[in-house]
Amino acid sequence: MTPGQAVDWTGRLARARAAVAAELPATPVIESPGLGAGVLLKLESFQPTGSFKVRGALAVLTAGGSGGSPRQASTATGSDGGIVTASSGNHALGVAWAARRLGLPATVVVPVGTSAAKLSGLRRFPAVVIQHGDDYEQADQHARSLAGDRLRYVSATSDPDVIAGQATIGADLLSQVAGTFTVACGIGGGAMASGLGLAGRQSGRMTVVGVEAAASPGMSTAIRAGQVTRVNVRDTLADGLAGNLEPGVITVGLIREHVGRLVSVSEEQIADAIRYLAREHGLVAEGSGAVPVAAVLAGLLPVTSQTVLVISGRNIALETLAAVLRAG
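Residues numbered from 1 in each chain as written. Predicted model: local features only at pLDDT ≥ 70, side-chain atom pairs only at ≥ 80, totals over all residues. Heavy atoms only, no water.

Draft legend 1. Up close: the layout of surface pockets. Each pocket or cavity is described by its volume, and for the largest pocket that value is around 460 Å³. Around the largest pocket, the lining comprises 18 residues; the ones closest to its centre are Asp134, Asp135, Asp235, Asp239 and Ala242. (1 Å grid on protein atoms, 1.4 Å probe; cavity = no way out; pocket = protein on both sides within 12 Å on 5 of 7 lines; lining within 4 Å. Points joined across faces, edges and corners; volume = space filled by probe spheres on them.)

Draft legend 2. Just the sheet that holds strand E5 (residues 128–131), in detail. Ordered by their spatial adjacency, four strands build an open sheet running E5-E4-E3-E6, and the pairing between neighbours is parallel. At either margin of the open sheet sits one strand with a lone partner, and together these are E5 and strand E6 (151–154). The sheet shows a mean angle of 20° between the axes of neighbouring strands, direction not considered. Here strand E3 (residues 82–86) runs beside strand E4 (residues 106–110); their pairing, made up of four bridges, is parallel. Considered in E4, the bridge of Ile83 is made with Ala106. Strands E3, E4, E5 and E6 of the sheet are contacted by helix H5 (residues 136–147), whose axis makes an angle of about 160° with E3. (Pairing = 2+ DSSP bridges. Helix = DSSP H or I, 4+ residues; strand = E, 2+ residues; numbered from the N terminus. Axes fitted to C-alpha atoms, helices over the stretch in contact; angles between N-to-C directions. Contact = heavy atoms within 4.5 Å.)

Draft legend 3. Inspection of the sheet that holds strand E10 (residues 307–311) at higher detail. Strand order in this open sheet of six strands is E1-E2-E10-E7-E8-E9, and the pairing throughout is mixed. Of all strands in the sheet, those with a lone pairing partner are strand E1 (29–31) and strand E9 (261–265), marking the two edges. The sheet shows a mean angle of 30° between the axes of neighbouring strands, direction not considered. Note that strand E8 (residues 206–213) and E9 share five bridges and pair parallel. In the strand pairing of E9, Val211 is matched with Val263. Contacts from helix H12 (residues 287–297) reach strand E2 (39–43), strand E7 (181–186), E8, E9 and E10 within the one sheet, and its direction differs from that of E10 by about 150°.

Draft legend 4. Representation of the environment of Phe125 within the structure. Note on placement: Phe125 falls in the loop between helix H4 (116–122) and E5. Its relative accessible area of 7% is what places Phe125 among the buried residues. As for Phe125 and Val95, which are separated by 30 residues in sequence, their C-alpha atoms are 9.9 Å apart. Excluding residues that lie within four positions of it along the chain, Phe125 makes contacts with Leu93, Ala96, Trp97 and Arg100. (Buried < 20%, exposed > 50% of the residue type's maximum accessible area, 1.4 Å probe, protein only.)

Draft legend 5. Region of the structure containing the side chain of Thr107. As for its position among the elements, Thr107 is in strand E4. Apart from residues no more than four positions distant in its own chain, Thr107 is found in contact with Ile83, Val84, Thr85, Val128, Ile130, Leu146 and Leu151.

Draft legend 6. Structural view of the side chain of Glu44. In this fold, Glu44 is placed in the loop between E2 and helix H2 (53–61). Reaching out from Glu44, the side chain makes a polar contact with the side chain of Arg55 at a distance of 2.7 Å. If we skip the residues at most four places from it in the chain, Glu44 touches Thr27, Gly50, Ser51, Phe52, Arg55, Ile169, Val310, Ile311 and Ser312. (Polar contact = N/O pair within 3.5 Å; in protein donor to acceptor, adjacent residues only side chain to side chain.)

Draft legend 7. Main features of the pattern of salt bridges. In this structure the tally under the stated criterion is 14 salt bridges. Residues Lys118 and Glu286 are paired through a salt bridge, measuring 3.1 Å at the closest nitrogen-oxygen approach. Here Glu286 lies in the loop between helix H11 (267–281) and H12 and Lys118 lies in helix H4, a separation of 168 residues in the sequence. For the residue pair Lys118 and Glu286, the accessibility class agrees, reading buried in each case. (Salt bridge = Lys/Arg side-chain N within 4 Å of Asp/Glu carboxyl O.)

Draft legend 8. Region of interest: the pairing of E10. With respect to burial, E10 is a largely interior element, five of its five residues being buried. Alternating residues of E10 divide into Thr307, Leu309 and Ile311 and Val308 and Val310, and every residue in both groups is buried. The sheet contact formed by E2 and E10 spans five bridges and is parallel. Within the sheet, the bridge partner assigned to Leu41 lies in E10 and is Leu309.

Draft legend 9. Structural view of the packing of helix H7 (residues 168–176) against helix H8 (residues 191–203). At a minimum axis separation of 7 Å, H7 and H8 run at an interaxial angle of 45°. On the basis of their axis angle, the class for H7 and H8 is oblique. The chirality of how H7 crosses H8 is right-handed. Of the residues in H8, those in contact with Ile169, Gly170 and Leu174 of H7 are Met192, Leu196, Ala199 and Ser203. The class makeup of the residues in the contact of H7 with H8 is five nonpolar, two polar and no charged. (Parallel < 35°, antiparallel > 145°, perpendicular 65-115°, else oblique. Left-handed = near helix turned anticlockwise from the far one by under 90°. Nonpolar A, V, L, I, M, F, W, Y, C, P; charged D, E, K, R; others polar.)

Draft legend 10. Spotlight on the pairing of E3. The buried fraction of E3 amounts to five of the five residues, a majority that puts the element mostly inside the structure. Burial along E3 is two-sided: Gly82, Val84 and Ala86 and Ile83 and Thr85, pointing in opposite directions, are all buried. Each parallel crossover has a hand, and for E3 linked through helix H3 (residues 90–102) to E4 it is right-handed. (Right-handed = clockwise from strand over helix to strand, strands pointing away.)

And the structure:
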């Protein structure tokens, strides 16, 4: 898939909604009065893998079946019936879960420094797990080299069916939240924000804000430059948002067209958000899942109307969570 290719988003979004609804109940939405009147949390951390990424995995693995049935997925895979993908952890978990659900083989490549919590989760599934490279970019290059005709390579950010799967968060929200609202989510490669933007375009009721880690400003840099540009990526609690963008990734254009604004948050602001969610709601959130809360707490996302914050994942290593909580 390249930026110049036309995508039938209406059809893909409909197929993804059917596929995801067949397997996953809508995740809950709760109030968070400590962040302001009208602030809601969308708890994607309650997904079976602890992250929203399972939505895109189901959508892409069922894309070849009629009606989005998760039992008719053969044409969505390579000649051997399997897929290969790369991930910093949560997309790999989603693919492994969906592949087991469908009875399909899957190979996932993760960086050597992947969170222990995510590696532990991956070991529950029959997928082949390969640790390769120091970062997502190196893991992704290795995954592509393994694909060929035998396995289908699936991009975590640039596959239209993955994006359509993440858009089902918006479909949930449009049935759970009345009236118009702003939804804020973490942004790394941009699949979730792109999907939400597409869902918002269809409805006219939802405005999207993307929140990135200041330590990994790949998307905001690409938007300013008008093209993917390499950035210096530093260590961050939001490891799921870290890394340079794929060359030619389609999400840059989608973000520019369908996402209202981008903000970035610091490491201390992310830590504050993790502590807030634990203290006020008893919720475990990884850094990537806490960044929308960080933006509100830091005053970077003023709450002037009904606002939904997507808590996108809970897969944080226990020692990291303990250190963050102790520091507060």
